[in-house]
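# Architecture and fold: a report
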Amino acid sequence: MTASDTHPSAPRTRLAERWGLRLPIVQGPMTGSDTPALAAAVSQAGGLGMLGCGMRSPAAMAEAAAEVRRRTDRPFGMNLFVQETPAPDDATVRAAMDRIAALYAEFGLEQSVPARWCEDFEAQFEALLQIRPAVASFTFGILTAAQVERLHAAGCQVAGTATTVAEALAWQAVGADAVCASGLEAGGHRGTFLADFESSQVGTLALVPQCVDALHIPVFAAGGIMDGRGIAAALALGAQAVQMGTAFIVCPESGIGPAYRAALAAAGDTDTRITRVFSGRPARGIVNATMDRLAPHESGVPAYPVQNALMGPLRRAAAERGRADAIALWAGQGVAAARPMPAGELVELLAQEWREATGASAAAAAGAAGV
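Residues numbered from 1 in each chain as written. Predicted model: local features only at pLDDT ≥ 70, side-chain atom pairs only at ≥ 80, totals over all residues. Heavy atoms only, no water.

As a further point, take the sheet that holds strand E5 (residues 157-162). Reading across from one edge, E1-E9-E8-E6-E5-E4-E3-E2 is the order of the 8 strands in this open sheet, with parallel pairing throughout. Since the sheet does not close on itself, it has two edges, and those belong to strand E1 (25-27) and strand E2 (49-52), each with one partner. Pairs of neighbouring strands in the sheet enclose a mean axial angle of 25°, with direction left out of account. Across 3 bridges, the pairing between E1 and strand E9 (residues 241-244) is parallel. Bridge pairing in E9 places Ile25 opposite Val242. (Pairing = 2+ DSSP bridges. Helix = DSSP H or I, 4+ residues; strand = E, 2+ residues; numbered from the N terminus. Axes fitted to C-alpha atoms, helices over the stretch in contact; angles between N-to-C directions.)

Moving on to the nonpolar core. In terms of nonpolar packing, the biggest core is built from 106 residues, with Phe138, Leu143, Leu151 and Phe248 touching the most fellow members. Formed by 14 residues, the second largest nonpolar core is a distinct cluster that contains Val26, Ala159, Cys180 and Ala241. (Core = buried A, V, L, I, M, F, W, Y, C linked by side-chain atoms within 4.5 Å. Buried < 20%, exposed > 50% of the residue type's maximum accessible area, 1.4 Å probe, protein only.)

Here we come to the packing of helix H9 (residues 165-173) against helix H10 (residues 204-214). At a minimum axis separation of 9 Å, H9 and H10 run at an interaxial angle of 40°. Of the two elements, H9 crosses H10, and the hand of that crossing is right-handed. Across the interface between the two elements, Val165, Ala168, Leu169 and Gln172 of H9 pack against Leu207, Gln210, Cys211 and Ala214 of H10. (Left-handed = near helix turned anticlockwise from the far one by under 90°. Contact = heavy atoms within 4.5 Å.)

Pairing of strand E7 (residues 188-189) with strand E11 (residues 283-286) involves 2 bridges; the strand directions are antiparallel. Each residue of the ladder has a partner; that of His189, found in E11, is Ala283.

As a further point, take the sheet that holds E7. One key point about sheets: their strands pair by backbone hydrogen bonds, in either a parallel or an antiparallel sense. Taken together, the 3 strands give an open sheet; going across it, the order is E7-E11-E10, and neighbouring strands pair in antiparallel fashion. A single partner strand is all that each edge strand has here, and the edge strands are E7 and strand E10 (272-275).

With that settled, consider the environment of Tyr304. Here Tyr304 lies in the loop between helix H14 (289-294) and helix H15 (306-320). Take Tyr304: its relative accessible area is 13%, and that puts it in the buried class. Separated by 197 residues in sequence, Tyr304 and Phe107 place their C-alpha atoms 23 Å apart. Among residues more than four places away in sequence, those in contact with Tyr304 are Met55, Phe81, Gln83, Phe140, His189, Ser279, Gly280 and Arg281.

Okay, the state of the cysteines next. Under the counting rule described, the total for this entry stands at 0 disulfides. No disulfide involves Cys53; its sulfur sits 12 Å from the nearest other cysteine sulfur, which is in Cys156. Its relative accessible area of 0% is what places Cys53 among the buried residues. In this model Cys118 remains outside any disulfide bridge; the closest cysteine sulfur is found in Cys53, 15 Å from its own. Judged by relative accessible area, which is 11%, Cys118 ranks as buried. (Disulfide = S-S within 2.5 Å.)

These values are about where atoms sit, not about what they do.
Below, the structure is given as structure tokens:
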């Protein structure tokens, strides 16, 4: 039984209806940390489960989508990184490897140039067209209008990630069906693609209503939303749904290990910051020893995905050994409010809190008006 089945009067937004959702809750696509089990649980409970496929091969994308469909017949989404395969020069790669050589030695790892820097986006895109999820979402860049048209022809709704109003308008211009307005509070990688990262650090509270006012397509909000009060607040700003990553990464269905879970459980409200050292692209995570150790070199690390590929063996070795000091502990500023529980139960709790917050707001407004 889902949250909305338990409470048939649960309100729905236009975007939720368009996407076939019972609730306007989207599970953030946490590449490397999400699982088909998590996506299916969120979708089955009435929200939109998401598969973060930026680092999945086309075959792995198809396998993960098939597993979600085996678990639920509800709509789900898939997210890709819009990026070109880089061709860094030897000097750049050698300098980057030298910066982290001591870390490799500490873990007893041999350094070598990766066979590939990232998955081929064009191949991933073709796989997405074949899989046909209900929603295809994108970050790090922007599609062409022709690519959006191909997704529409395949029956997919298209959502783009924006960190500024200009980026939101750019997505609208190529035909996207909705825009995720991602505030600087959000965990993981920033989706900025038009301006520099420093000038694009707009908070959720400021970004969402400006995007809503500028666009004629639906906006859904991301960044710092952890409970039903946050959902009510985002919808009050004009958003038609929320995207929540940090809230769901602590669910048992996520793919993170014990050390990562322990770090999330211990984190406070000031324990995250934005860094480039783990991947070469600004991303918010919990501060640890490796983040501090590499901070002096932050401006010199190569851009994503080169630094990300070079740090991959270190992150995997740290996870295997239960060493949170060398894991990229992606998390948003609301991490201290995360509540570990099965994803389906969390969706139900969020729906209940949202209704309560909405009712409390209405009552307060009526009282202020003397009704």
